[in-house]
Each structure stands twice: as structure tokens, then as C-alpha cells.
Amino acid sequence: MSWAASEVIQIYLGTTRVAVAGHDASSPAEEHWLAADSPLDGLRKVLVLLDARRAGWRRPRLAISLSGALAPPFFLEPVSGLVHIREAQEVVAHMALEATGLEGPCDVWLDAWAPQRPCLCVAMDRSLRGAIESACRRSGARLVALRPWWTLAFNHALDRGRGADALVLAHDTDAATVLIGGTGALISAASHSPVPGTLALRDLTVRALLTSNLDPGRAIRVAMRERHGVAAEPAPDGPPFSSPLEAIS
């Protein structure tokens, strides 16, 4: 088989779990979950799987989603005298390790930064990013997207008309990411890894609701639906590797 020009293969990378969907033309929604020793080990296993099914000259296009442990969010509050994006990037790069708990040098992304406004930031270990890009190049694949999975979860909530003025709990294999949505945008975000237990997760949610002055009815959960081996077709209204929204009440 060969990939259609428009098809993008969806890959999820966690610290010890990896998934791939859309790699089989006979069953585009099929998912495979694999155990891994590390995120890079997981990616290599997926690339081997894709290479074994590859035929023809077309390069597979990959969209990789990262767990909240690998791409945690944080916010940059307004800094007096900070007026240029380049300066903001330098500030965020220095604060990323303390803000996220990541251990090595980080690459950071700023979402629509502007002076005197809080800005959503995302950090990722620089060496892991480089290794992911190198592995894709060596395999002959084209990396078209590298993003946190929790962004898909939040966008899913928005698509369902429930992300604005709400708390979204994005629950993946590694982390619980608490996202507070304003009018179509995030105003607070934090990943908690490893995933807290049930009671701790509920307490975390309640505290976030109180801090944000949100009604408990505005709390929703987007949970990753992990499967072992071949999975059935996912819910048509959900992002890859996720279940429909469930109320936390």
C-alpha cells in the first residue's frame, strides 16, 4: 500500500506508552498501542511498524502528540519593561525548568505573546525534540506537527461548545493537565505528573474551580482511551486517542 497524499498518521508519545493511528489504508481509524522504555524508544518502534507496512514512494506524514509530562504548559505573567518577543523568549527559556520540572535545556513556545498580557507557554526537552526530528528524517517520514496532546483535548472541548469559561481536565497516560478556558482561549494551564490518584485529582479539580470562581458544572474531562493491541474505531467526535467528554461532577 502507499499513503494517500492527504493522509496524516497520528502518533501519541508518552514516557512509556506510544500509539499510532491511521497507518493502515484498509482501516484508517485503527490504533496500535505499544509499551516502550522511553519516548524515543516508542517512536522507533512506531517507525519500524510504519516502515513494515510502507510501499511505494510517498513519504508518510506524521503528526506527533506529546503527553503532558513531555510538553507541560505554564504561564508567563506580564513583566515590567518587557516589550519584545525575543526578550520574552529569553525570559521563558530561563524560567521553564523551574516552572515545569523538566530536567534538561528546553525549547519553549509562546502562544500569541503581547506586552502586559499573560501568555501561555509550552516547554519541551531540547534533546528529545532533536532526537524525534532526527528519527523521523532517518525513517524517510515528514514531521508535519509536534504538539501537546492536551491542546487536542482543549480544542475538542471548544468544538463541543464547552471549553469557554470552563475547566478542562486533559487526562493522558502520563499526566493530568488542568486547563482553564476563557472566551475561546486558555487563561490557566498546569500539568501534574505522574497522574494523581482519584481523590487527589478530585481535590485538585475542586481547588482549581474555587480559584477560578467557576461552578462545578463547568468542569469536564477529556480522557485518553488507551487500548492494548488493535483498537476499535474511536468516537467520531473526539480527537485521536481520546474518549468523548465526561462530566466530573
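Residues numbered from 1 in each chain as written. Predicted model: local features only at pLDDT ≥ 70, side-chain atom pairs only at ≥ 80, totals over all residues. Heavy atoms only, no water.

Engineer: For this particular structure, what's the right way to read helix H1 (residues 39–52)?
Structural biologist: Along an α-helix, a turn takes 3.6 residues, which lines up residues three or four apart on a common side. For H1, built from 14 residues, the straight-helix expectation of 20 Å at 1.5 Å per residue is met to within 8% by its first-to-last C-alpha distance of 20 Å. Those residues of H1 lying buried are Pro 39, Leu 40, Asp 41, Gly 42, Leu 43, Val 46, Leu 47 and Leu 50. Elements that come into contact with the buried residues of H1 comprise strand S1 (9–13), strand S2 (17–21), strand S3 (31–35), strand S4 (61–66) and helix H3 (126–139). (Helix = DSSP H or I, 4+ residues; strand = E, 2+ residues; numbered from the N terminus. Expected span 1.5 Å × (residues − 1). Buried < 20%, exposed > 50% of the residue type's maximum accessible area, 1.4 Å probe, protein only. Contact = heavy atoms within 4.5 Å.)

Engineer: Can you help me understand the environment of Val 178 in this one?
Structural biologist: Relative to the elements of secondary structure, Val 178 occurs in strand S10 (residues 176–181). The class for Val 178 is buried, based on a relative accessible area of 7%. Counting along the chain gives 41 residues from Val 178 to Ala 219, while the straight-line C-alpha distance between them is 9.9 Å. Setting aside residues up to four positions removed in sequence, Val 178 forms contacts with Leu 167, Val 168, Leu 169, Ser 188, Ala 189, Ala 190, His 192, Leu 204 and Ala 208.

Engineer: Teacher, can you tell me more about the pattern of salt bridges here?
Structural biologist: Charged atoms that come close allow side chains of opposite charge to pair. Under the counting rule described, the total for this entry stands at 4 salt bridges. Note that Lys 45 and Asp 41 form a salt bridge whose closest N and O atoms lie 3.7 Å from each other. Here the residue Lys 45 and the residue Asp 41 both occupy positions in helix H1, the gap between them amounting to 4 residues, near one helical turn. A residue is classified by how much of its surface remains accessible, and Lys 45, at 37% relative accessible area, is partly exposed. We note a salt bridge from Arg 129 to Asp 107, for which the minimum N-O separation is 3.1 Å. Separated by 22 residues along the polypeptide, Arg 129 in helix H3 and Asp 107 in strand S6 (residues 106–111) bring together distant segments of the chain. Ionic contacts of the salt-bridge type, sharing partners, join the residues Asp 107, Arg 126, Arg 129 and Glu 133 into one network. (Salt bridge = Lys/Arg side-chain N within 4 Å of Asp/Glu carboxyl O.)

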